[in-house]
Amino acid sequence: TSNGLYAWRPELQTWEPAGLDGLELHSVISVTGSSCNLAAGGVGAVYLSADCGRSWQVLDAENPFVRFDSLISSSGNLIIGSKGAGIFEYDTNLKP
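Note that the structure is a prediction, hence the values are computed from the model and not measured.

Caption draft 1: Looking closely at the nonpolar core. Ile29, Val31, Ala39, Val46, Leu48, Val66, Phe68, Leu71, Leu78 and Ile80 together form the largest nonpolar core, which totals 10 residues. Sorting the residues of this core by element identifies β5 (46-49), β7 (67-74) and β8 (77-83) as the ones contributing at least two each. Other than its neighbours up to four places away in sequence, Ala39 contacts Ser27, Val28, Ile29, Val31, Tyr47, Leu48, Trp56, Leu71 and Leu78. Counting 6 residues, the second largest nonpolar core, distinct from the first, contains Leu20, Ala40, Ala45 and Tyr47.

In structure tokens:
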């Protein structure tokens, strides 16, 4: 979205803000086989969470104009596809 992450609340039949408020995000995935290890890619940065999205750390924010659109998790690595800046690979080693 153009305003952070949202989570579906079935008991309320609505979407609610779920983190990274105000950030433009293009992809979100579960990393390393755990539903609590998450990665989110957006404009200018990639974000990682090891606690189901309660807190986030910036993995890459060196180019504020790059759009990180594609994320793939493979064998503990995060493969990141960008628009115009290539493909990157990071060892996530996420710990809560």
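Caption draft 2: Representation of the side chain of Ser82 within the structure. With respect to the secondary-structure elements, Ser82 resides in strand β8. Ser82 has contacts with Val66, Arg67, Phe68, Asp69 and Phe88, leaving out every residue within four places of it along the chain.

Caption draft 3: Main features of the pattern of salt bridges. All told, the structure shown has 2 salt bridges when counted by the stated rule. Linking Arg9 and Glu16 is a salt bridge whose minimum nitrogen-to-oxygen distance equals 3.3 Å. By relative accessible area, Arg9 is classed as partly exposed at 29%. Assessed through its relative accessible area of 28%, Glu16 is described here as partly exposed. Residues Arg67 and Asp69 are paired through a salt bridge, measuring 2.8 Å at the closest nitrogen-oxygen approach. The class for Arg67 is partly exposed, based on a relative accessible area of 32%.

Cut-offs applied
- Residues numbered from 1 in each chain as written.
- Predicted model: local features only at pLDDT ≥ 70, side-chain atom pairs only at ≥ 80, totals over all residues.
- Heavy atoms only, no water.
- Core = buried A, V, L, I, M, F, W, Y, C linked by side-chain atoms within 4.5 Å.
- Buried < 20%, exposed > 50% of the residue type's maximum accessible area, 1.4 Å probe, protein only.
- Helix = DSSP H or I, 4+ residues; strand = E, 2+ residues; numbered from the N terminus.
- Contact = heavy atoms within 4.5 Å.
- Salt bridge = Lys/Arg side-chain N within 4 Å of Asp/Glu carboxyl O.

Don't take any of this as a statement about function, it's just geometry.
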